[in-house]
Amino acid sequence: NLQDGFSTTAPALFSFAENVTTSNLIRWEAMGAYAFPNATTVLLNNRTGEKVAHFVDRDSFDLNYGHPKEEPDLLILQPGHVLEFNTTYIVAVRHLISENSGDRVKASPAFAALRDGKVPPRELQEVYGVSNERADRYDRYVFPALAAAGFARSELQLAFYFSTTSREESLGRFEHIRDAT
């Protein structure tokens with residue numbers, strides 16, 4: 001695998017154990033809601049702490065994702081602009097509501113154990129597959145960055161991070177061809 005990170009233009013995809021209502025997702029028509037204090041999602045530049053404009057929608061094009069009526073829909077978080085090269089971003093979700101029950105969607109057992117910090121490290125590794133290194137990274141970087149952005153650890157339903165590709169990996173060959181021409 002020669003890639004050194006995720007694309008700067010690709011969306012982040014996620015799903016829960018149940019379908020969520022789209023009524024409180026940030027819609028493309030009102031993308032400015034990403035900056036509201038009660039936003040349900042955040043896309044955070046980990047280096048600068050800046051919230052990145054984005055919208056979230058249910059995947060309505062891939063009707064074959066999962067098994068209809070058996071597996072929940074895929075949600076797509078689409079950045080409002082191209083992300084920076086070689087940068088770590090954090091995605092977090094809170095206050096999403098179940099389409100069926102009307103209650104808040106529950107975090108997965110593994111994420112709840114990581115978020116709540118009440119499970120001993122050995123159990124976190126053996127039962128939930130979360131390494132000590134990953135738990136430490138969340139405790140030191142992810143959860144504090146989210147708290148600084150107004151997303152309290154206790155209210156999170158999901159949080160993850162990813163790093164974008166370097167400019168060299170993404171554009172290096174094309175720039176070489178351009179320069180050689």
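In this text the structure is predicted, and so the values were computed from the model without any measurement.

Draft legend 1. Local environment of the nonpolar core. Grouped together as the largest cluster of nonpolar side chains are 21 residues, with contacts concentrated most on F111, L114, L146, L156 and A159. Of all elements in the fold, only strand 2 (41-45), strand 5 (88-94), helix 1 (109-116), helix 3 (132-148) and strand 6 (156-163) reach the threshold of two or more residues within this core. Here this core takes six residues from helix 3, the largest share from any one element. Not counting the four nearest positions on each side in its chain, L146 is found in contact with V42, L44, I90, A92, F151, L156 and A159. In this structure, F16, L77, V93 and F162 belong to the second largest nonpolar core, which totals 18 residues.

Draft legend 2. Seen up close, the packing of aromatic side chains. Enumeration over the complete set of coordinates arrives at six aromatic pairs. Between F14 and F16 the ring centres are 6.1 Å apart and the planes differ by 85 degrees, which places this aromatic pair in the edge-to-face class. Among the residues examined, F14 registers a relative accessible area of 5% and is labelled buried. With a centroid separation of 5.9 Å and an interplanar angle of 25 degrees, the aromatic rings of Y89 and F162 are classed as stacked. Here the residue Y89 occupies a position in strand 5, and F162 occupies one in strand 6, the gap between them amounting to 73 residues. Classification of F162 by relative accessible area gives buried; the value is 12%. Connected via pairs of aromatic rings, a cluster forms that spans F111, Y138, F143 and Y161. Between R94 and the ring centre of F151, over which it is positioned, the NZ or CZ distance is 3.6 Å.

Draft legend 3. Region of the structure containing the sheet that holds strand 2. Read across the open sheet, the three strands follow the order 2-5-6; overall the sheet is antiparallel. The strands lining the two open edges of the sheet, one partner per strand, are strand 2 and strand 6. Geometrically, the sheet is characterised by an average inter-axis angle of 15 degrees between neighbouring strands, direction not taken into account. The pairing of strand 2 with strand 5 spans five bridges and is antiparallel. Note on strand 5: the bridge partner recorded for N45 is Y89. Running at roughly 105 degrees to strand 6, helix 3 makes contact with strand 2, strand 5 and strand 6 of the sheet.

Draft legend 4. The arrangement of helix 1 in detail. Of the positions making up helix 1, those classed as buried are F111, A112, A113, L114 and R115. Looking one or two places after helix 1, you find G117, whose phi comes out positive at around 65 degrees.

Draft legend 5. The side chain of R115, seen in detail. Assignment of secondary structure puts R115 in helix 1. Side-chain polar atoms of R115 contact the backbone oxygen of L156, separated by 2.6 Å. Residue contacts for R115: discarding those within four places in its chain leaves A107, F143, R153, S154 and L156.

Draft legend 6. Fine view of unusual backbone geometry. At N86, a residue that is not glycine, the phi angle is positive and equals roughly 50 degrees. By the secondary structure assignment, N86 is in the loop between strand 4 (75-79) and strand 5. Even without glycine at this site, H95 takes up a positive phi of about 60 degrees. Position of H95 relative to the elements: it lies in the loop between strand 5 and helix 1.

Reading the values: rules and limits
Residues numbered from 1 in each chain as written. Predicted model: local features only at pLDDT ≥ 70, side-chain atom pairs only at ≥ 80, totals over all residues. Heavy atoms only, no water. Core = buried A, V, L, I, M, F, W, Y, C linked by side-chain atoms within 4.5 Å. Buried < 20%, exposed > 50% of the residue type's maximum accessible area, 1.4 Å probe, protein only. Helix = DSSP H or I, 4+ residues; strand = E, 2+ residues; numbered from the N terminus. Contact = heavy atoms within 4.5 Å. Phe/Tyr/Trp six-rings, centres within 6.5 Å; stacked < 30°, edge-to-face > 60°. Lys NZ or Arg CZ within 6 Å of the ring centre and 35° of its normal. Pairing = 2+ DSSP bridges. Axes fitted to C-alpha atoms, helices over the stretch in contact; angles between N-to-C directions. Polar contact = N/O pair within 3.5 Å; in protein donor to acceptor, adjacent residues only side chain to side chain.

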